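A closer look at the structure
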Amino acid sequence: MTTPALLPLSGRRIPPLNLGPPSFPHHRATLRLSEKFILLLILSAFITLCFGAFFFLPDSSKHKRFDLGLEDVLIPHVDAGKGAKDPGVFLIHGPDEHRHREEEERLRNKIRADHEKALEEAKEKLRKSREEIRAEIQTEKNKVAQAMKTKETRVLPPVPVPQRVGVSGGDPEDAEIRKKRDKIKEMMKHAWDNYRTYGWGHNELRPIARKGHSTNIFGSSQMGATIVDALDTLYIMGLHDEFMDGQRWIEDNLDFSVNSEVSVFEVNIRFIGGLLAAYYLSGEEIFKTKAVQLAEKLLPAFNTPTGIPWAMVNLKSGVGRNWGWASAGSSILAEFGTLHMEFVHLSYLTGDLTYYNKVMHIRKLLQKMERPNGLYPNYLNPRTGRWGQYHTSVGGLGDSFYEYLLKAWLMSDKTDHEARRMYDDAVEAIEKHLIKKSRGGLVFIGEWKNGHLERKMGHLACFAGGMFALGADGSRKDKAGHYLELGAEIARTCHESYDRTALKLGPESFKFDGAVEAVAVRQAEKYYILRPEVIETYWYLWRFTHDPRYRQWGWEAALAIEKSCRVSGGFSGVKDVYSPTPAHDDVQQSFFLAETLKYLYLLFSGDDLLPLDHWVFNTEAHPLPVLRLANTTLSGNPAVR
């Protein structure tokens, strides 16, 4: 992978190249073959049913039978001498042998009756004409389509919307700061207007080629990722005409019944997170409805032996699979661990605990597993429930898992103590094994690989400065000051990674080997794709300290983006931040509008805009409200406690 378009896009892991589905020829003979196939299918099903029954009927000479009624209980056998359970041996308590024989005869009679009924139905089918069979097939198709439509348009239960505090405003008193905020708003309008002109409906924009763009994380369909991702940014900036354009497109065009394989993680954080945030900010029901429709399409991804979801799922067929490069078919920590916020809100809005139970099952499974040095490896096999390669990172592949542990606690109004405990345990292990200081005094977060610390930090890991600051309040042993200072040290290191480049934009990753500090070494790590993580950390530290250096650093980054990434058709990433002449990758990422520009706008706004005691931002910077007990009517629902 040498081109930025194939490297990490958002949410912190590397998607592989999508070669696309194979194509198949279409022939007119297909219709005739399908009709013959239907008739053969009916006959073969009948024959299989008849013969299969005799093979699978219970045989009293080989097995002991028992009734499966509610009065029967299977009790694990306990060895009186050892007191240990043997899961393979059961004592059966139920009716006597005479009743077994009666039940067996009843089952035989039922099977014979079912066979006779099936035979009559098959004969009836064979007597019908081709046109009648066609009509019946079409009728069944219509029934299925209607059932799906009914499910998608089901009326959601009324629930109280949490108080919408600080969804607009935040005007700074200082005229110079206000001028800077207005500039960020103008940058947002430039990015949006060009997408509206050249890429409307496509997932992203190629601002130099001036046409639509997409990657394999969104599948093969035009799902308007930039529209959904940018909605809440448009709203809080007061760009309401643009917001309404996006809303109308979603109402008329956003369709999830497409034969398209998508990233569960990316679609969750960008689409479900974006739709939920747009709903909570604006109160428009269409966003809630669409979020729930999409969530139902993602649920088949959890159909694995362990309940750990596949990385990808086909929205139409529900078939899931993992990335081919991910440690022998493993799922990725940052992907299956970054669902909690959105899924809890889905349970709150629908009254359906399915979503909550899915993410809590993941949490319970992880709590039972042994963690080397207290660290979570980045790979987990969804079939075996075992860790894959022992690689731990707070950057790509691992990052937002830790973020969501903390934010689950915050979103629960600090009542989800289990999530807070897991976060504190993880941070202590990270600080002990991964956080180091360079010879030049820069604090960085390395990566643990098979017992060895790699002294490299990714741009994605720079979010952790903000995470440490956000989690300082409520930390163990009264260490709030320590974690706030740790966040500040990470922010300084990441600022240095920007300041030591020709373009004043940070590389994808940078090393701390010998004399090399906070500098990318490999050519494949020198690119910048409009990422938000450094600016995200600046904003959190500004909110908690009001130290003017964070606004100064943020403005430096904004000017660098304006100078090196702005083109006439929007904004583009650059391939080498150490080259004084920027070479563009020609991609305007959707997260540039969702995150980078939003965090810059908030950095130059007052604290009353989306206050942190009322809102929690998902990993795509979509604000979701804190769920307080007073806001819920779902009594007894642990998802909202």
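Residues numbered from 1 in each chain as written. Predicted model: local features only at pLDDT ≥ 70, side-chain atom pairs only at ≥ 80, totals over all residues. Heavy atoms only, no water.

Under an unreviewed UniProt entry, the name given to the protein is alpha-1,2-Mannosidase, and the source organism is Rattus norvegicus. UniProt lists a comment for the protein under the heading Subcellular location (unreviewed entry), and it reads "Golgi apparatus membrane". The protein has a UniProt comment under Cofactor (unreviewed entry) that states "Ca(2+)". (UniProt positions renumbered as here; feature names shortened; annotations may be inferred.)

Another aspect to go through is the UniProt feature "binding site: Ca(2+)" (unreviewed entry) in the protein. Under the feature "binding site: Ca(2+)" (unreviewed entry), the UniProt entry names T619. Among the secondary structure elements, T619 is positioned in the loop between β20 (615-617) and β21 (623-625). Here E403 takes part through its side chain, which lies 2.9 Å from a polar atom of the side chain of T619. (Helix = DSSP H or I, 4+ residues; strand = E, 2+ residues; numbered from the N terminus. Polar contact = N/O pair within 3.5 Å; in protein donor to acceptor, adjacent residues only side chain to side chain.)

Relative to strand β17 (residues 516-519), strand β16 (residues 509-513) runs antiparallel, the two sharing three bridges. Bridging from a neighbouring strand, K511 pairs with V519 of β17. Hairpin connection, β16 to β17: the antiparallel pair is bridged by two residues, and G514 has positive phi, about 60 degrees. (Pairing = 2+ DSSP bridges.)

Grouped together as the largest cluster of nonpolar side chains are 166 residues, with contacts concentrated most on I184, M457 and F468. It is helix α7 (residues 264-282) that provides the largest number of residues to this core, a total of twelve residues. The contacts of F468, once residues within four sequence positions are left out, are Y423, V427, I435, I445, Y483, L486, G487 and I490. (Core = buried A, V, L, I, M, F, W, Y, C linked by side-chain atoms within 4.5 Å. Buried < 20%, exposed > 50% of the residue type's maximum accessible area, 1.4 Å probe, protein only. Contact = heavy atoms within 4.5 Å.)

On to the sheet that holds strand β5 (residues 261-263), then. With respect to topology, three strands assemble into an open sheet ordered β5-β6-β7, the strand pairing being antiparallel. Only two strands of the sheet have a single partner each, and these edge strands are β5 and β7 (320-321). In this sheet, strand β6 (residues 312-314) lies alongside β5 in antiparallel orientation, the contact comprising three bridges. Residue pairing in the sheet places S263 in a bridge with M312 of β6. Docked against the sheet, α7 engages β5 and β6, running at close to 70 degrees with respect to β5. (Axes fitted to C-alpha atoms, helices over the stretch in contact; angles between N-to-C directions.)

Along the chain, N268 falls in helix α7. C-alpha separation for the pair N268 and L294, spaced 26 residues apart in sequence, amounts to 8.7 Å. In contact with N268, other than residues within four places in its own chain, are G273, L298, T338, L339, E342 and F343.

Another point: the sheet that holds strand β13 (residues 447-449). Reading across from one edge, β10-β13-β14 is the order of the three strands in this open sheet, with antiparallel pairing throughout. The open sheet has two edge strands, β10 (391-392) and β14 (452-454), and neither has a second partner. Judged from the two bridges that link them, β10 and β13 form a sheet pairing that is antiparallel. When the sheet's bridge partners are listed, H391 is paired in β13 with K449.

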